[in-house]
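As a plain string of letters, each chain reads:
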Amino acid sequence: MGEEDNETATATATATTAAPGVDDDGYDEFLSTLNAPPGEATSLSKPTNDNHDDDDNDNLKNKFAHQGSETTQPLSFSEFSTDDDNNNNEGDTIIYTDLELIAMRAVRHSLTEEHSIPPASVNSTFLAVATINCKLRVEESVTKIKKLLEIMSQLGCPDGIVEGDELWKPEAAYELHPYPMVGKDKRGCSTTWIRGGGKVKKEDERAHVHACIMQYLSVHSDPNTLRNGVSFIIDLSTRTDINLKKQSKVGNEKLISAFYQAIPQRPQIIMIAGCSLPTRAIVNVTIKLASVFIKQKILQRIHFVTVEDAVKYLGEGSAPGYTESGKMEDGVECYGKWVEERLGGLPKPDL
């Protein structure tokens, strides 16, 4: 692979992995759509509700019901069932269930006691969102949070996601520029829409990390999205191969990509919009290689679409303002205000 191919592959990987940490237990109907002609939208399957597995919930109950440490209180399970998370999806206020709190406390206990990670390095609210996105799987949550902290340390954030700090960090808001304002999807869940293809300067790494964490928490700050997952759209239509060739390598591309993937998240659909033919060919190869390591269910949630089809999927009222039929306001300042407001509604769990 030549130098130009390496540049394109790196930029493509950065754009297509901008979905923080796709959960490797999740996604249906994709490899058959990879060979659709350029510009032709693939058929979009209906997003599924990816709630906590009953077997995992039963195991969690049995494992932690009688553990009486400082971080995990013994609870009676007769008062709720394994689908009690569904009963708490209505409204705008997140109320953590007993089962979710048990899992969070177990994650905190493992990070602190087994991995010597001080509680001050892992914000309780972030821990809550990450644990629910990992479907209350304690070991998986711990592994992902630990890996995330390691990568953050290499990107100028050795202090982690500090407990007690404000979630909103205005000094990092300028790094929210890849995210336009976008509305909810047809399930009523939040959407992450990214204008892909940019690079992160070395001096912006810390701010970029904080901006991504803020965005991640803000889109999950309502009960429906938190428990059912986001829709994820990457718009490559504004990026050209000529511009890619002009961009010099920063040297942190792989690390930034690893950071994106380390954030626990389970999008119910991933759309790559406006993808050029050369970029699409590379994405196809990347995905096929990834299929060796990632479950088929994940790959089946990825779709190549036009920007128009992505807009149609959301509905015109939810589309970003820069798109042809978009109605949402645009600009980093506008999105920053939305993120700040959403972060203010995230409850801190009692761990």
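Residues numbered from 1 in each chain as written. Predicted model: local features only at pLDDT ≥ 70, side-chain atom pairs only at ≥ 80, totals over all residues. Heavy atoms only, no water.

## Examining the packing of aromatic side chains
The line we're drawing: The rule is short: rings of Phe, Tyr and Trp, with Trp giving its six-membered ring, pair when the centres are within 6.5 Å, and they are stacked under 30 degrees, edge-to-face over 60, tilted in between. Under the DSSP-based scheme used, a helix requires at least four consecutive residues in state H or I and a strand at least two consecutive residues in state E, with every element numbered from the N terminus. In this scheme, a residue with accessible area under 20% of its type's maximum is buried, one over 50% is exposed, and one in between is partly exposed, where area comes from a 1.4 Å probe on protein chains only.
Taken as a whole and judged by the stated rule, the model has five aromatic pairs. The interplanar angle of 85° and the centroid separation of 6.5 Å between the aromatic rings of W193 and Y322 together place this pair among those described as edge-to-face. Taken together, the residues span a long stretch of sequence, with W193 in strand β1 (residues 191–195) and Y322 in the loop between α12 (307–314) and α13 (332–343) at a distance of 129 residues. In this structure Y322 comes out as partly exposed when scored by relative accessible area, which is 26%. Between F259 and Y260 the ring centres are 6.1 Å apart and the planes differ by 50°, which places this aromatic pair in the tilted class. Across the pair, Y260 and F259 agree in class, each one buried. An aromatic cluster of at least three residues, connected via ring pairs, comprises Y179, Y335 and W338.

## Looking at unusual backbone geometry
Of note in this structure, S116 is not a glycine but carries a positive phi near 55°. Here S116 lies in the loop between α3 (98–114) and α4 (124–133). Judged by its relative accessible area of 62%, S116 falls in the exposed class. Of note, K135 is a non-glycine position whose phi angle comes to about 60°, a positive value. Relative to the helices and strands, K135 resides in the loop between α4 and α5 (138–154). Take K135: its relative accessible area is 1%, and that puts it in the buried class.

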